[in-house]
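Next come the chains, spelled out residue by residue.
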Amino acid sequence: MPIEDRWMDTEERLFSEASSLGDLLEQLRSRISHALVGGASWEALLKCASDLPSTLAAFPFGFEVPLHEQRPHADFGVSVVSGSQSARHFQNLGNGNDTDPVLAGLARLVREKGREDSLLHRITGRKMLLEYDIDPSGDGLHPAPGAFLYPTEKPLYGRDASRRLEDLGVVLDGVAATGWDWDARERRQVERLYLALQPEARILSLGAFPCRTRGIRLAVTGFQTSGEVMTFLERAGWPWPPTSVEATLAHLEARDGFGTIAVHLDVRSGGLGPKLGLGLYARDMSWLQGGRYWLDTPSNWTAFIESMREGRLAVPDKLAALENWSSGAELLFGRSGRFVLVRGVHHVKLVATEDRVDQVKAYVFLLMCSPEQAGPTSAELL
């Protein structure tokens, strides 16, 4: 059975399982650490998720957790795959004369990514990520999400930069559909950074938050060592001393604390914003390969967690919860049959403001699928 048909089957069953993604999260509450997300933040997150369909759980979704903060807070992210039942929810949000222009743009973007003859589809495929800011002190209204596109079908490698600027522009136009018209200076800044990439590095994602300060979120990946990151930052014109960043990365590198590194930059018309993100990925992450979900394991993150403990860069209770997050495949029995619940750590991120590392974040995910969709590797672990 094609993987798309398996997703469709899981979506149909999830539709019968819960009235919304918020309802489903409440059912999974015992598997979501109160140290990572709880209290007013959990209630606000549920309100946001209650406006989203439960079918989104057929694709990876999860939390952005600040490990350096004591409060149990998290922002929220979901995967949207054009052509799915979940995608139709976002397309329907764009109908009507009084529709919020950001949501209308998002609906057009979902449709465009579903068209196999579109350039955007050929470069980025059907999948995108939506990230919701969760404000526990708010009035229950949530701003429109940030949208992120991933050039996975035709990757934008540094070695091809001089001849792929038009393809880069196609992805930028896709991101722009959710909020604004690009300033020519913003485009030039992104092009400059693309041209600064080493040959084997590539653009991981391009995104924007229409309800935040204007700017383009650019992530580039393919860096194996701290030295490669420093070389790129120099070529990119990072204006602050990278001493703290270099020392922290070198320490983790010596302890084998990551597999690959992604550099996250805020790109503005006048240059780079003051924050630099360093996304750290494990060597054997949980990826979808050949229609089979491979599982994340706690040992992938042992060196990173121990380094954060030693450096007192994160809250101990949150580090303990992170250690226990990747629990393999768990068989659940729902109203509509059996599900496999997969939990893992997608990546962790160090954030530097100007010249100092001052934030540590974890990006944890969940996924629900049928035993058939999970594949034999997952089934063996049940």
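Residues numbered from 1 in each chain as written. Predicted model: local features only at pLDDT ≥ 70, side-chain atom pairs only at ≥ 80, totals over all residues. Heavy atoms only, no water.

A.B. asks: Would you mind going over the side chain of Lys318 with me for this structure?
C.D. replies: Tracing the chain through its elements places Lys318 in helix H12 (residues 316-323). The side chain of Lys318 is buried and forms no salt bridge, while Glu69, the nearest opposite charge, is found at 5.5 Å. The contact partners of Lys318, leaving out residues within four places of it in the chain, are Ala35, Leu36, Pro66, Leu67, Glu69, Gln70, Arg71, Pro72 and His73. (Helix = DSSP H or I, 4+ residues; strand = E, 2+ residues; numbered from the N terminus. Buried < 20%, exposed > 50% of the residue type's maximum accessible area, 1.4 Å probe, protein only. Lys, Arg positive; Asp, Glu negative; His and termini not counted. Salt bridge = Lys/Arg side-chain N within 4 Å of Asp/Glu carboxyl O. Contact = heavy atoms within 4.5 Å.)

A.B. asks: Would you explain the pairing of strand S8 (residues 271-281) in this entry?
C.D. replies: Consecutive side chains along a regular strand alternate between the two faces of the sheet. Most of S8 is tucked away: nine of the 11 residues are buried. Judged from the eight bridges that link them, strand S7 (residues 260-268) and S8 form a sheet pairing that is antiparallel. Following the sheet pairing, Leu265 is matched in S8 by Leu276. Once S7 ends, the chain turns through two residues before running back antiparallel as S8. Pairing analysis gives six bridges linking S8 to strand S12 (residues 337-353), with the strands arranged antiparallel. Considered in S12, the bridge of Gly279 is made with Lys349. (Pairing = 2+ DSSP bridges.)

A.B. asks: Can you walk me through the pattern of salt bridges in this structure?
C.D. replies: Side chains that carry opposite charge are capable of pairing whenever their charged atoms lie near each other. Within this structure, the stated rule accounts for 18 salt bridges. Its salt-bridge partner being Asp266, residue Arg217 comes within 2.5 Å of it at the nearest N-O pair. Residue Arg217 is found in strand S6 (residues 216-223), and its partner Asp266 is found in strand S7; the two are separated by 49 residues along the sequence. A salt bridge links Arg356 to Asp358; the nearest nitrogen and oxygen atoms lie 4.0 Å apart. Overall, Asp358 belongs to the partly exposed group, its relative accessible area being 26%. One network of salt bridges, with partners in common, ties together Glu112, Arg115 and Asp117.

A.B. asks: Sorry if this is basic, but what is going on with helix H11 (residues 302-311) here?
C.D. replies: What sets the pattern is the α-helix's 3.6 residues per turn: residues three or four places apart point alike. Within H11 the residues assigned to the buried category are Ala303, Phe304, Ile305, Ser307 and Met308. Each element contacted by the buried residues of H11 is listed here: helix H10 (243-254), S8, H12, S12 and strand S13 (356-369). One or two residues past the end of H11 sits Arg312, with phi positive at roughly 50°.

A.B. asks: Explain the packing of aromatic side chains to me, please; I cannot follow it from the model alone.
C.D. replies: When we look at a pair of aromatic rings, we describe it by the centre distance and by the angle of the planes. Counted according to the given criterion, the structure contains seven aromatic pairs. Both rings, one in Trp7 and one in Phe59, keep their centres 5.2 Å apart while their planes meet at 65°; by these two values the pair is edge-to-face. Placement of Trp7 in helix H1 (residues 3-17) and of Phe59 in the loop between helix H3 (39-49) and strand S1 (61-66) is noted, with a sequence separation of 52 residues between them. On the basis of relative accessible area, Trp7 is assigned to the buried category, the value being 11%. The class of Phe59 is buried, set by a relative accessible area of 2%. Ring geometry for Phe223 versus Phe232: centroids 5.5 Å apart, planes at 35°, classification tilted. When sorted by exposure, Phe223 lands in the same class as Phe232, which is buried. Following the ring pairs from residue to residue traces out a cluster consisting of Phe61, Phe63, Phe76 and Trp325. Above the plane of the ring of Phe339 lies Arg13, whose end atom (NZ or CZ) is 4.4 Å from the centre. (Phe/Tyr/Trp six-rings, centres within 6.5 Å; stacked < 30°, edge-to-face > 60°. Lys NZ or Arg CZ within 6 Å of the ring centre and 35° of its normal.)

A.B. asks: What is the right way to look at the nonpolar core in this model?
C.D. replies: In globular proteins that are soluble, nonpolar side chains generally tend to be buried together. Among the nonpolar cores identified, the biggest contains 107 residues, and Phe63 and Phe76 are the most heavily contacted of them. Setting aside residues no more than four positions away along its own chain, Phe76 makes contact with Leu21, Leu25, Leu45, Ala49, Leu52, Phe61, Gly62, Phe63, Leu130, Glu131, Tyr132 and Ile134. Ala329, Val340, Leu367 and Cys369 belong to the second largest nonpolar core, which has six residues in total. (Core = buried A, V, L, I, M, F, W, Y, C linked by side-chain atoms within 4.5 Å.)

A.B. asks: What am I meant to see in the pairing of S13 here?
C.D. replies: Counting buried positions along S13 gives 12 out of 14 residues, so the element sits mostly inside the fold. The sheet contact formed by S1 and S13 spans six bridges and is antiparallel. Within S13, the position partnered with Gly62 by the bridge is Phe365.

A.B. asks: I tried to follow the packing of helix H8 (residues 184-195) against helix H9 (residues 226-236) on my own but got confused; where do I start?
C.D. replies: In helix packing, the relevant descriptors are the interaxial angle and the interaxial distance, both defined with respect to the helix axes. Interhelical geometry of H8 versus H9 gives an angle of 140° and a closest axis separation of 9 Å. Judged by the inter-axis angle, H8 sits oblique to H9. Pair H8 / H9 crosses with right-handed handedness. Counting all contacts with H8, which are made through Arg192, Leu193 and Leu195, the residues of H9 involved are Phe232, Arg235 and Ala236. Here the contact of H8 with H9 is built from residues that sort into four nonpolar, no polar and two charged. (Axes fitted to C-alpha atoms, helices over the stretch in contact; angles between N-to-C directions. Parallel < 35°, antiparallel > 145°, perpendicular 65-115°, else oblique. Left-handed = near helix turned anticlockwise from the far one by under 90°. Nonpolar A, V, L, I, M, F, W, Y, C, P; charged D, E, K, R; others polar.)

A.B. asks: Hey, could you run me through the packing of helix H7 (residues 165-176) against H8 in this one?
C.D. replies: Look at H7 against H8: their axes get within 11 Å of each other, and the N-to-C directions meet at 130°. Between H7 and H8, the interaxial angle falls into the category oblique. Crossing angle aside, the handedness with which H7 passes H8 is right-handed. Contacts from Leu165, Leu168, Gly169, Leu172 and Asp173 of H7 reach H8 at Arg187, Val190, Glu191 and Tyr194. Here the contact of H7 with H8 is composed, by residue class, of five nonpolar, one polar and three charged.

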